[in-house]
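Residues per chain are reported as follows:
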Protein chains: 2
Amino acid sequence: MRMSKLYMPTLREVPSEAELPSHKLLLRAGMIKKLVSGVYTYLPMGYRVIRKIENIVREEMEKIDSQEVLMSAILPAELWQQTGRWEDFGPEMFKLHDRHGREFCLGPTHEEVFTDTIRHDVKSYKQLPLSLYQIQTKYRDEKRPRFGLMRSREFIMKDAYTFDVDEENMVKAYYEMWKAYEEIFKRCSLDFRVVEGDSGAMGGSDSHEFTAMSEYGESNIVYCDSCDYAATDEKAKCVYEQKADDAVAEELEKVHTPDVRTIDELSEFFGDSSSKFAKMVIYNVAGEIVAAMIPGDRELNEIKLLNILGAGEHEIQMASEEEVKAATGAEVGYAGPIGLAENVKLLVDSRVAAMKNFYIGANETGYHCKNANYGRDFEGEIVEDLLLAGEGDACPSCGGTLKMDRGIEIGNIFQLGTKYSKALGATYLDENGKEQDMVMGSHGIGVSRTMAAVIEQNYDEDGIIWPIALAPYEAIVAIVNVKDEEQVKLGEEIYSELKSMGVEVLLDDRKERAGVKFKDMDLVGIPLRITVGKRAPEGIVEFSNRRDREKVELEKSQLADKVKSEFEAQGLTI
Amino acid sequence: MRMSKLYMPTLREVPSEAELPSHKLLLRAGMIKKLVSGVYTYLPMGYRVIRKIENIVREEMEKIDSQEVLMSAILPAELWQQTGRWEDFGPEMFKLHDRHGREFCLGPTHEEVFTDTIRHDVKSYKQLPLSLYQIQTKYRDEKRPRFGLMRSREFIMKDAYTFDVDEENMVKAYYEMWKAYEEIFKRCSLDFRVVEGDSGAMGGSDSHEFTAMSEYGESNIVYCDSCDYAATDEKAKCVYEQKADDAVAEELEKVHTPDVRTIDELSEFFGDSSSKFAKMVIYNVAGEIVAAMIPGDRELNEIKLLNILGAGEHEIQMASEEEVKAATGAEVGYAGPIGLAENVKLLVDSRVAAMKNFYIGANETGYHCKNANYGRDFEGEIVEDLLLAGEGDACPSCGGTLKMDRGIEIGNIFQLGTKYSKALGATYLDENGKEQDMVMGSHGIGVSRTMAAVIEQNYDEDGIIWPIALAPYEAIVAIVNVKDEEQVKLGEEIYSELKSMGVEVLLDDRKERAGVKFKDMDLVGIPLRITVGKRAPEGIVEFSNRRDREKVELEKSQLADKVKSEFEAQGLTI
């Protein structure tokens, strides 16, 4: 492709709304363009990358005999009503009517529709297993779309669904998918971890997330330094233990604590460690006021809270000031478990129940209590584990020490079991002619998010550094001065030669200053670069790759081998 | 691919809602599946065909330097309001709100969004011309979705947009696109005609439709038997001429015509030719009552009527009985131009104005008038041409004789001019630094409809006959009896050999009766067929192609050459 014809509107300025490197660079390099908040256009260079990721996905899916289909994006409400997710998805679901008033949504995921499709056609165990996938545009009306392709409202996803005769075969399909995903992300040159995930709104028993490591990722993961345990902090069982405390229960005592509200302030006021406090966090969950008590030095895990309550992610919000006052009779900062309003559901983390003589809010503005003790002073529903795991906690698998890291969720695999087949009647006749529910799995890859994740792991101060396998073009030939006939001639020759080798190559034939060309070359991140400049009359050009940018002078005849060796260095052939 | 694993739910019964061969066969062959009216799932075999068409489109677009992008399917209302099409599209547009109440539509086409994208990035004549396209899912909430993929509410379209400095360059881009489209449809083995089309809701000056010939097509086209003139019947200028009539105007006379309403009935009643009548057709167009007078033996062209009135396709409907009564004072069947209600707009085809002593309705139930004459008895707005062209009319280009045929509109190209660039401010600075409107073109191919059109031209009583270039698989190896070890061994060998040649091949390894396999083979229409049966021990198989189904016995060693020659016969190499 000649860059004089290429539509690649690079920006000199960093767009103000962009915070993450991938977001900034995708916009600056003219790869995507915002239409409205959370909705992007893929421009030619960006879409080439998307299609390369898609093709890698297709190749690996084909290897495990998963077959490609394409479902509609507009999905009838009835199917979602049958599984209860029409309501569960809440405002994240785009809903619409057709001209006859029939209700539809824009598919945020496709479990219902795949299950519905299959149930009409598959009647016998002989037709199973079945693995189907699609690469399709999905819609989720995020409350706060942000970070470009990382959390957008319209995004490209590969979603696969497996149908098996029993749990054992479903788990087998699950691990096949796992292996395929590992292969896909390796081919995308990603540094990733597979971690235990929360099944959340999907239902089902077990799930794993594929997380591309990145300091800007929205997923916190914990992993063990001794064994291979890894999980999201939301999923990880928190095995942090209170020290056994044999102290005698002392008398509950109300203390005047004017303007002392936070755990830090209380810790300073009382001169005692934050672990001696029990903090109360008050939520409105689907209309119900829920107060959760946890140790003062820990963080509450909202996902665990929701799973305990059986509520959906969009149904939780912090209680308002008014709700706190109504629940506690006090201003925010003085909430405690004694004397709560009757409509408040009180959940107590098991480790609070085991604490002795701890501090709590007094439910009276300006007062806290010391020497509180569970059972004697208050009671609630004891919950085994309401906490986020954290750095330094014990590994729930081997007792080693957990570390924390951040990452981007680029894929997930779910063992769905029979949730959807039961709800929609996807059954088959087994060898004995008996009707059985199909056992399902659901497996996703964020295709557009993967593009962003690759950039988060591959950039420097001047731009993107594409791996060859995903680069919009694999090589670029830049003619420094297009008014110099010899440079043009040599540049064109090399351009043709590389094309005939099967290399995807750009020719920078623009009437721009050399500085502009070099800056764009760095920004857009084409991996292999050939600069045709002053030594053109001798047939000598400069070669560099985008990552190290070390220039070597080569004769034209040496270029083919050099390019081949660069491909081989990345595990590719040309 | 092994058919034992393939998801291809063929049907023995013809689904009752399907009328057209393509609709029946796509459903029966397990290539598509209805989700709701006008919305289909592409199953594995069908989606492979779609992807082949897409790839042909991509290759031909690349040849003319059109660059692929991907736009959002959810489009903000504001852009459409700026061009006036938010209203123009009427109920065909799916509309929705996001969680903040912002209005969007599901894109029925993308002129607005491409123009909006370009206007921010392209500022100078140096950046033009530009040609962009996408292959994307489009949404039109058809009043009567029907014929499967032929007229669906969700469909796959290739839409391209060109941006040029002036009319001349835009027309050049238009003809480049034309040539590319011809190439695409030739590669799809389609028998098609390029005909003049109506620009309709698109605006702009000139347009052409690519029409795949088919008796079931919804497009009527006329073409000249002497020159290369061809157009849709809606677009074709009707040069049918009334014979000059020098008769003296006779006296207008009211005649009692009880229960005589239609032209046929009137013709019989008066014993005069239908060409001696002027019929009046009454519409409600965007709330206005419009009466159109045309010769009694011709058909009114609603598109011409709408173009004259500047109204959109969804804004026209036949006047109701009540509206007819209010306009004419009479029951339906007696409408005429004399004494219409004041709010009625009367349009008169120029050929009616030239008629002498003709029959009209009297606007009184049970009465018509004879010897009506334009000017003396009534006046209206004379319109040059309100008629559908028809078989036997004179060619507007050479005067030859027009023939009529039916076809499927699979592509269209539009010279848009500056309609969208003016509305959205897409300007550039010319060589003199003067601001100019970009001159645009818009060009579409119905990808999913093309699949249906190929079937309409390629089937027989037993199923589809795919051309090799589009077939979901190019060859099939059917093992007649999978319990016979020698058949299995030879079948597997041939399957491997063909795969290693690069042939896309199915292996029918199912435990089904031979009859089922042969029926499916015919139904699904794989072009090259190898049957491994009783002569397997001798290394002999049967070869046939789907079109003629003539079987020849071949030794295994002869197969590769046979397959190659079949590819060559269709202009392909393997």
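This one's a predicted model, so the numbers in the text were calculated from it and none came from an experiment. (Residues numbered from 1 in each chain as written. Chains lettered and ligands numbered in written order. Predicted model: local features only at pLDDT ≥ 70, side-chain atom pairs only at ≥ 80, totals over all residues. Heavy atoms only, no water.)

S.K.: So what's going on with helix 2 (residues 44-63) of chain B? Residues and values would help.
M.R.: With 20 residues, helix 2 of chain B extends 29 Å from end C-alpha to end C-alpha; this agrees with the ideal 28 Å at 1.5 Å per step. Burial within helix 2 of chain B is extensive, with 15 of its 20 residues counted as buried. (Helix = DSSP H or I, 4+ residues; strand = E, 2+ residues; numbered from the N terminus. Expected span 1.5 Å × (residues − 1). Buried < 20%, exposed > 50% of the residue type's maximum accessible area, 1.4 Å probe, protein only.)

S.K.: How would you summarise the sheet that holds strand 28 (residues 505-508) of chain B if you had to cite specific residues and measurements?
M.R.: Residue and element names in this part refer to chain B. Read from one edge of the open sheet, five strands run 28-27-29-30-31, paired in mixed fashion. Each edge of the sheet is formed by a strand with only one pairing partner; in this case those strands are strand 28 and strand 31 (552-555). Neighbour to neighbour, the strand axes of the sheet diverge by 25 degrees on average, direction disregarded. Here strand 29 (residues 528-532) pairs with strand 30 (residues 540-545) via four bridges, running antiparallel. Note that in strand 30 the partner of Ile-530 across the bridge is Phe-543. In the packing of helix 15 (residues 559-569) onto the sheet, contacts are made with strand 29, strand 30 and strand 31, and the angle to strand 30 comes to roughly 5 degrees. (Pairing = 2+ DSSP bridges. Axes fitted to C-alpha atoms, helices over the stretch in contact; angles between N-to-C directions. Contact = heavy atoms within 4.5 Å.)

S.K.: Can you tell me about the pairing of strand 8 (residues 154-164) of chain A, naming the residues and giving the values?
M.R.: All names here are of chain A. The buried count for strand 8 comes to 11 of 11 residues, which makes it a mostly enclosed element. Residues Glu-154, Ile-156, Lys-158, Ala-160, Thr-162 and Asp-164 of strand 8 are buried on one face, and the alternating residues Phe-155, Met-157, Asp-159, Tyr-161 and Phe-163, pointing to the opposite face, are buried as well. As paired strands, strand 7 (residues 130-139) and strand 8 are joined by 10 bridges and run antiparallel to one another. Looking at strand 8, one finds that Lys-138 is bridged to Phe-155. Direction of pairing for strand 8 relative to strand 24 (residues 439-446): antiparallel, over a ladder of eight bridges. Among the inter-strand pairings, Thr-162 is bridged to a residue of strand 24, identified as Gly-441.

S.K.: Quick one: what's the story with the pattern of salt bridges, residue by residue and with numbers?
M.R.: Between side chains of opposite charge, a pair can form as their charged atoms come close. Residues and elements named next belong to chain A. Summed over the entire model, instances satisfying the criterion amount to 99 salt bridges over all chains. The partner of Arg-546 in a salt bridge is Asp-460, with the nearest N and O atoms 2.7 Å apart. With a gap of 86 residues between them, Arg-546 in the loop between strand 30 (540-545) and strand 31 (552-555) and Asp-460 in strand 25 (residues 459-460) connect regions that are remote in the sequence. We classify Arg-546 as buried; its relative accessible area is 0%. What makes Asp-460 buried here is its relative accessible area of 16%. Among the charged side chains, a network of salt bridges with common partners joins Asp-460, Glu-461, Asp-462, Asp-522, Arg-529, Arg-546 and Arg-549. (Salt bridge = Lys/Arg side-chain N within 4 Å of Asp/Glu carboxyl O.)

S.K.: So what's going on with the nonpolar core? Which residues, and what values?
M.R.: Membership of the largest hydrophobic core comes to 78 residues, with the highest contact counts inside it found for Leu-106 and Phe-163 of chain A together with Leu-106 and Phe-163 of chain B. If we ignore the near neighbours within four places in the chain, the residues touching Phe-163 of chain A are Phe-114, Thr-115, Ile-118, Leu-128, Pro-129, Leu-130, Met-438, Val-439 and Met-440 of chain A. Grouped together as the second largest cluster of nonpolar side chains are 66 residues, Met-61, Cys-188, Val-194 and Ala-452 of chain B included. (Core = buried A, V, L, I, M, F, W, Y, C linked by side-chain atoms within 4.5 Å.)

S.K.: Give a detailed account of the interface of chain A and chain B, specifying residues and quantitative values.
M.R.: Contacts between the two partners involve 58 residues from chain A, matched on the other side by 58 residues from chain B. The largest share of the area that chain A buries against chain B comes from Tyr-7, Leu-70 and Arg-99 of chain A, three residues that together contribute 15% of it. At the boundary of chain A and chain B, one finds eight salt bridges. Residue Arg-153 of chain A pairs with Asp-98 of chain B through a salt bridge whose shortest N-O separation is 3.0 Å. Seen at the junction of chain A and chain B, the total is 20 residue pairs in polar contact (both at pLDDT 80 or more). For the side of chain A that touches chain B, a count of residues per class yields 32 nonpolar, eight polar and 18 charged. (Buried area = accessible area lost by both parts, 1.4 Å probe. Polar contact = N/O pair within 3.5 Å; in protein donor to acceptor, adjacent residues only side chain to side chain. Nonpolar A, V, L, I, M, F, W, Y, C, P; charged D, E, K, R; others polar.)

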